Protein chains: 4
Amino acid sequence: MTIKKMRVGLVGSGYMGKAHAIAYRNAMAAFAIPQNLLQCDMLADATPELAQSKALELGFSRSTGDWKSLINDPDIDVVDICAPNFLHKEIALAAISAGKSVYSEKPLALNASDAKEMTEAAERAGVKTLVGFNYVKNPTMQFAKQLIARGDIGDVVHFRGVFNEDYLADANLPFSWRLQKQFAGTGALNDLASHLVQLATHLVAPITSLCADLKVVHQHRPLAQNSDDSNTGVGEVENDDQAHMMVRFANGAQGTLEASRIAWGRKNGLSFEITGTKGSLVFDQETLSELSLYVAEGNPQTQGFKRILIGPEHPDYQAFCVSAGHGLGFNDMKAVEIRDLFQGVVHDAPLWPDFRAATQVNIILDCVVESHEKGTWVEVEQYDSRY
Amino acid sequence: MTIKKMRVGLVGSGYMGKAHAIAYRNAMAAFAIPQNLLQCDMLADATPELAQSKALELGFSRSTGDWKSLINDPDIDVVDICAPNFLHKEIALAAISAGKSVYSEKPLALNASDAKEMTEAAERAGVKTLVGFNYVKNPTMQFAKQLIARGDIGDVVHFRGVFNEDYLADANLPFSWRLQKQFAGTGALNDLASHLVQLATHLVAPITSLCADLKVVHQHRPLAQNSDDSNTGVGEVENDDQAHMMVRFANGAQGTLEASRIAWGRKNGLSFEITGTKGSLVFDQETLSELSLYVAEGNPQTQGFKRILIGPEHPDYQAFCVSAGHGLGFNDMKAVEIRDLFQGVVHDAPLWPDFRAATQVNIILDCVVESHEKGTWVEVEQYDSRY
Amino acid sequence: MTIKKMRVGLVGSGYMGKAHAIAYRNAMAAFAIPQNLLQCDMLADATPELAQSKALELGFSRSTGDWKSLINDPDIDVVDICAPNFLHKEIALAAISAGKSVYSEKPLALNASDAKEMTEAAERAGVKTLVGFNYVKNPTMQFAKQLIARGDIGDVVHFRGVFNEDYLADANLPFSWRLQKQFAGTGALNDLASHLVQLATHLVAPITSLCADLKVVHQHRPLAQNSDDSNTGVGEVENDDQAHMMVRFANGAQGTLEASRIAWGRKNGLSFEITGTKGSLVFDQETLSELSLYVAEGNPQTQGFKRILIGPEHPDYQAFCVSAGHGLGFNDMKAVEIRDLFQGVVHDAPLWPDFRAATQVNIILDCVVESHEKGTWVEVEQYDSRY
Amino acid sequence: MTIKKMRVGLVGSGYMGKAHAIAYRNAMAAFAIPQNLLQCDMLADATPELAQSKALELGFSRSTGDWKSLINDPDIDVVDICAPNFLHKEIALAAISAGKSVYSEKPLALNASDAKEMTEAAERAGVKTLVGFNYVKNPTMQFAKQLIARGDIGDVVHFRGVFNEDYLADANLPFSWRLQKQFAGTGALNDLASHLVQLATHLVAPITSLCADLKVVHQHRPLAQNSDDSNTGVGEVENDDQAHMMVRFANGAQGTLEASRIAWGRKNGLSFEITGTKGSLVFDQETLSELSLYVAEGNPQTQGFKRILIGPEHPDYQAFCVSAGHGLGFNDMKAVEIRDLFQGVVHDAPLWPDFRAATQVNIILDCVVESHEKGTWVEVEQYDSRY
Ligand SMILES: NC(=O)C1=CN([C@@H]2O[C@H](COP(=O)(O)OP(=O)(O)OC[C@H]3O[C@@H](n4cnc5c(N)ncnc54)[C@H](O)[C@@H]3O)[C@@H](O)[C@H]2O)C=CC1
Ligand SMILES: NC(=O)C1=CN([C@@H]2O[C@H](COP(=O)(O)OP(=O)(O)OC[C@H]3O[C@@H](n4cnc5c(N)ncnc54)[C@H](O)[C@@H]3O)[C@@H](O)[C@H]2O)C=CC1
Ligand SMILES: NC(=O)C1=CN([C@@H]2O[C@H](COP(=O)(O)OP(=O)(O)OC[C@H]3O[C@@H](n4cnc5c(N)ncnc54)[C@H](O)[C@@H]3O)[C@@H](O)[C@H]2O)C=CC1
Ligand SMILES: NC(=O)C1=CN([C@@H]2O[C@H](COP(=O)(O)OP(=O)(O)OC[C@H]3O[C@@H](n4cnc5c(N)ncnc54)[C@H](O)[C@@H]3O)[C@@H](O)[C@H]2O)C=CC1
């Protein structure tokens, strides 16, 4: 009997591609994954030259300028999609056809209908899927889930989530594909609020209805300049800088979710406050290795928010460090995600959030757009009950 | 010519009544208000006995069990209303009829129509009015307004405000008038969100439309027990524990506002984040003497939120202390409010927020209820343009 | 039988004089002190004109340019000394001779031998004394003491205290009496570290030995300029900008104490961390209404520093506000001090820290200077065992 | 010509051994180090079995139960010492004899005389050396150094450093070699304060004299129990739980340094505050990706500590992530250290802190012990001027 391996083909080697590359190594050392069972094998990017230089840089053995040849390579077990949003569908469907496991960055698709098509193809083909909603892999977030599940804060009655960054806060940053519907879909909604929607449902309950408001704040941006400075035009921004939602959850809880890509000062400003009938939880991704917990019990004199530093007592921390409070970084969350991927692909463990679960996010994002356009509340279809 | 004085008649001596009593003394010493010009004269409460003991305790010379006799006393210049919400209207209208200046706690009235009636009566009678939206009197908040007004953060594009407390988070706290529509009006909305609405409009721009969601979380509460323990029934809570709003401002900015009276761990959790085109401001009333400011200028390496401790360089701090960062307390904000009242009543300075401005808050609170009931966006009537 | 009253004569109406004036009013309203029993009667300052204008401003009925006449006035019960350090002794001794209670600002004296002389004079005369170490009157600090006393953090094994401000951080601030030994005594040591020494001993145990290091950082400062700009000289700074101590406590605990008046960014930076065998306490005066408590018990997963917001469950808060977390300010601590003074003077309650207790601080400050000069550890005389 | 490689032999695979293993992978992906040039080759531990299982777990190709055979293996270029303190000297001297580069964990040696012997051997042999003072490799710390070097806070006048953890705070934790002089040397001093001494000198200036105080708080600890529970004895703790130093720097600045291994609640509590003539810096390793900067310039109204989140504008961050504020973890600092090691070994870049620089730390630690024993100030020998 041959031992199953995980030979990875990475498509796209920008921001996330590099984060994945680092995380594969990190996961191997942290989680004692044998080197022969996890191989960073081939890297595809837009051109052969780019792919080659990135493969060298990121430690992949082979490279290609054509993602299709990566997919069709018999030695590739997992296709890891770190290409821009609009390519996820085509690449994933091709990989599924080739019988490969697919590990895709989020959001899964540009809309729910594409996401469903991808999910159904994967399920029919029986391939493993995983989507890169990495924030739920953070030991701190896993611990938050544990606390809620075991009732430490009672029944959840409220969720407030914010995901603010300032990567487009400067109104003079040039126009790009990220600002165009056909390539990026929505704006802050897809980029940031998708994470928030995913983790809110995970931590609280399915979202059953919502009412939303989107806004393009900087409506025009300068076109990137030609080398001869001839280009002085502006491009029209097609998607939201800011997104708001009021939501209702299946368990009766209420919530607000919002995201902005123009919120000066916020760099990875994913934060939430969860209120239960017995206590509260507060988290801020900018201090990713701590969680604040308030429990209304014992002497009222000594009640307060407790700042818990994540350590070996909490899920998946000890693999990185035996001492509490030494802090994990962004890439460490991805390493946990890759450990999951490995367990799923090589040891047939269930993978989560898979395409089905990620489709539920796309369904909600579609509802946001619909609610914004209609100015009313919208009921959410429940596609994935586990989510 | 006689020097104008401010002899105060206080109606209601509970939580706010005491805060006002402390603040009158505090204001006199801090702002050098001559003792003969500001007198804590008469105190009215529900019974003569209560009024008498409270007058002694809080340093008022005279007392009465009937607020009408206070209002009609010729030596009273200002009627200070610290009675429950449902009494504001009747007391204020009577005081106005008697030609007295009126200083009322917030919210001004149970609904906009009452508030308008009160405003118009006051304006016809030409009496001075002031409503106790004390948070805008905090030197920190005044400084926030200054920063915005002088453009330090550019044009405001977003406001997120939260006012959470946990005074009713324990589901076993007994039923009371606060939970009944006829006495309290709405719940967290009136108690907490009213402040938020007032300061959002003050700091950003008038709110022109909104969409809202209200929720009673703990639907029944035990009735307060009779002494013989015979009472074991429950009361039905009639107003919101949690309130959400998405809002749009006249200047084009967007915002979310929310309040909860059941948010475990939050004690005076009035916080906001204001995003502008050049920077951001963050404030939290639980650390009331500091403001965080982010300005996107200079070397990107040294940009970050600056924690500014309020001091003598900022409005109205120096009256309390010549050293920066020594901290003001809740009652000190009220002292600033009373300094304003004194300036208005004795030196005829304009008073703000007066009944007209406070009516705008009531209009918005009514829109919230309407939006919640209809499930749609609601346009807001602009009653007070200064607000 | 005549009811005892407390008619106050205030000497000095600068920074602290005003804080006291505010606090007298504040204390009356907050602690229900009858107006006829506490009177802000006479104010003395360096000249009659200054005294008169300050009396008007701060609400004192009478004024004088000669503190001796205040002391000898038969209607004055308590002499409140808010004059510069070097005057404390002379004024206090005169007040004691006249049989008056004395309420003096800290440090009690320029050195231990003066402090002892004052203490013994007061004790012989049987007059009440109180010294303005206000930080221990803060409800938060009282609560810290409670927690330690009842063993919540076990036996104290370590104290680290810092009192940093930046009021002289700018090297171009002009020369003044504060920088001269004859008027001010030591520098940051007297101004700031005196508080730290007082509260460390209070919270932990008597200090039995110490080793210290003092430093003048800015050795010269420009003389204050004459109006005709003729003065361009510099003055030589005679006392410490920074002060360090390593200490050992009677209970076996160790500690470090340090103070600086040139620590840029610190405005009221009195902070400490106390480690016990079962937990820890952290406090920072710049957020004076909160205390952080770590207790090593229960599930290790949920251990962390708990941020406790001071409220009505804690000592002396409820007098100011019935809601938790609404925050007290610097002047509120002084109001608690004055409530104590009133209880002591009018109801014969014990007063603390009195001259004897404050003398222990002066003894320790003298040891600091001695240790610095000798470069060795110094044993501390135990004058006041209660301290 | 053959390309130089770095084939690593790791000795010791406990806490730090694993951190190094993770960091080698991390460094390769983050800093684009070609896989063929950096090889995790052989791992030595106390027994062949342990070594073998650890090699598998941590991704080393070969293993041995005898570190001498690792050192003598011709394919090993760098000997990485992650064994307990008392073994550093013997292993390092052997590696140097074999002409290998040596990367040793801190503290370099049990005392200064051993450290000098090691330094001189290495320098004579001309081998590269590096010591694992990883905290100075943190991008945040590198940025702090930059800020100081370019004068943003003026001339440094004060340093306060604390390194507190609670790994031995529980008095019932069993006796171990860490508590014995012959194996561990000093206690909190060697473990924690050594880092503090290293970075204080790096950030400020050489330490020229000091006065110190050490204390064993828990003098006995239970012996680790035999399996049959027969063992009920206690061991006598031989080294310090708490360590204090007052220091003077070559540039005239003053400082205090302290460390504790029994400070409940502190998990990686390495923090400092550096005061300069124009501003201040504050850092806390428990939030390792942020730095607080106060600069006394511009409008006093808007001065405050600025919380800077580390990002691509700062040294060595971009290799890990292109977005600011996404956070690095403890192991990422080690990856930077290994990048340095690689540059030194393969590209002959200068390595720092090398044995000579680390010897200066040992010299200072020896002075601490001497000062504690004598109760006086001690002058520090200046062995390494770069340090
Ligand atoms: N999980 C998370 O926290 C984050 C997820 N993402 C997601 O990752 C995905 C990639 O985003 P970034 O890495 O930020 O973008 P990027 O622009 O930095 O990188 C995209 C990469 O795809 C490559 N690419 C483009 N067209 C290609 C083609 N036809 N064939 C092969 N490669 C092609 C580009 O050359 C580039 O290497 C997006 O879906 C995004 O939403 C991005 C940032 C954070
Ligand atoms: N500005 C602020 O931050 C706050 C404002 N408030 C407002 O202050 C007002 C009073 O609230 P609290 O002081 O919390 O209530 P409370 O229940 O503590 O005090 C109400 C007082 O009114 C008295 N009262 C009731 N009926 C009366 C009558 N017929 N005649 C005379 N006195 C009567 C009661 O005996 C009691 O002394 C409310 O409108 C509330 O919204 C309350 C808390 C904070
Ligand atoms: N407890 C605390 O937190 C603080 C205590 N203090 C203490 O308060 C005392 C006063 O300090 P500040 O108020 O800061 O000083 P300040 O300089 O602001 O005020 C001193 C006052 O004494 C007056 N004075 C001077 N000579 C006088 C004389 N011969 N007769 C009558 N009045 C005279 C001055 O005119 C001035 O009004 C000092 O002992 C200081 O250590 C100061 C600040 C804080
Ligand atoms: N830079 C930093 O932040 C830190 C540095 N350290 C340093 O790292 C070194 C190791 O400490 P830890 O990893 O915490 O200790 P540890 O006890 O976790 O690991 C020590 C390792 O050395 C092995 N070992 C013991 N005797 C050996 C022998 N004769 N031959 C080969 N291997 C042997 C042990 O089996 C174990 O694998 C120490 O010098 C310590 O000061 C430790 C923690 C943090």
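Residues numbered from 1 in each chain as written. Chains lettered and ligands numbered in written order. Predicted model: local features only at pLDDT ≥ 70, side-chain atom pairs only at ≥ 80, totals over all residues. Heavy atoms only, no water.

- Labelled according to an unreviewed UniProt entry, chain A appears under the name Myo-inositol 2-dehydrogenase, originating from Marinomonas pontica.

### Digging into the pairing of strand E16 (residues 305-309) of chain A
Logical step 1: Buried residues dominate E16(A), accounting for four of its five residues.
Logical step 2: When E16(A) meets strand E16 (residues 305-309) of chain C, the two strands line up antiparallel, connected through three bridges. Looking at the pairing, Arg307(A) lines up with Phe305(C) of E16(C). (Buried < 20%, exposed > 50% of the residue type's maximum accessible area, 1.4 Å probe, protein only. Helix = DSSP H or I, 4+ residues; strand = E, 2+ residues; numbered from the N terminus. Pairing = 2+ DSSP bridges.)

### Some points on the site of ligand 1
All names here are of chain A.
Logical step 1: Taken together, 25 residues lie near ligand 1, and Met-16, Asp-45, Asn-85, Lys-106 and Asn-134 sit nearest.
Logical step 2: Met-16 is positioned such that a nitrogen or oxygen atom in its backbone is 2.9 Å from an oxygen atom of ligand 1.
Logical step 3: In isolation ligand 1 has 840 Å² of accessible area, and contact with the protein removes 81% of it.
Logical step 4: Of all the elements in the fold, those that place two or more residues in the shell around ligand 1 are helix H1 (15-30) and helix H9 (330-347).
Logical step 5: A class-by-class count of the residues in the shell around ligand 1 yields twelve nonpolar, eight polar and five charged. (Near = heavy atom within 4 Å. Polar contact = N/O pair within 3.5 Å; in protein donor to acceptor, adjacent residues only side chain to side chain. Areas by Shrake-Rupley, 256 points an atom, 1.4 Å probe, with all protein chains shown as cover. Nonpolar A, V, L, I, M, F, W, Y, C, P; charged D, E, K, R; others polar.)

### Quick look at the interface of chain C and chain B
Logical step 1: Each side of the interface is counted separately: chain C has 38 residues, and chain B has 38 residues.
Logical step 2: Here chain C meets chain B over a buried area of about 3,100 Å², counting both sides, of which 54% is carbon and sulfur.
Logical step 3: Three residues stand out in chain C for area buried against chain B, namely Tyr15(C), Ala29(C) and His326(C), and they jointly supply 19% of the buried area on that side.
Logical step 4: The salt bridge involving Arg307(C) is made with Glu286(B); its shortest N-O contact spans 3.8 Å.
Logical step 5: Mapped onto the side of chain C that touches chain B, the elements with two or more residues apiece are helix H1 (15-30), helix H2 (48-58), E16 and helix H9 (330-347) of chain C.
Logical step 6: For the side of chain C that touches chain B, the element with the highest residue contribution is H1(C), accounting for nine residues. (Contact = heavy atoms within 4.5 Å. Buried area = accessible area lost by both parts, 1.4 Å probe. Salt bridge = Lys/Arg side-chain N within 4 Å of Asp/Glu carboxyl O.)

### So, the interface of chain B and chain A
Logical step 1: Contacts between the two partners involve 44 residues from chain B, matched on the other side by 44 residues from chain A.
Logical step 2: A combined buried area of about 3,400 Å² lies between chain B and chain A, and 52% of that area is made up of carbon and sulfur atoms.
Logical step 3: Among the residues of chain B in contact with chain A, Met246(B), Gln254(B) and Trp264(B) are the three that bury the most area, contributing 20% of the side total.
Logical step 4: The interface formed by chain B and chain A holds six salt bridges in total.
Logical step 5: For Arg266(B), the salt bridge is made with Glu273(A), and the minimal N-O distance between the two is 2.9 Å.
Logical step 6: The interface formed by chain B and chain A contains 24 residue pairs in polar contact (both at pLDDT 80 or more).
Logical step 7: Those elements that provide at least two residues to the side of chain B that touches chain A are strand E7 (156-164), strand E8 (207-215), strand E11 (242-249), strand E12 (254-260), strand E13 (269-276) and strand E14 (279-284) of chain B.
Logical step 8: When grouped by side-chain class, the residues that make up the side of chain B that touches chain A number 17 nonpolar, 17 polar and ten charged.

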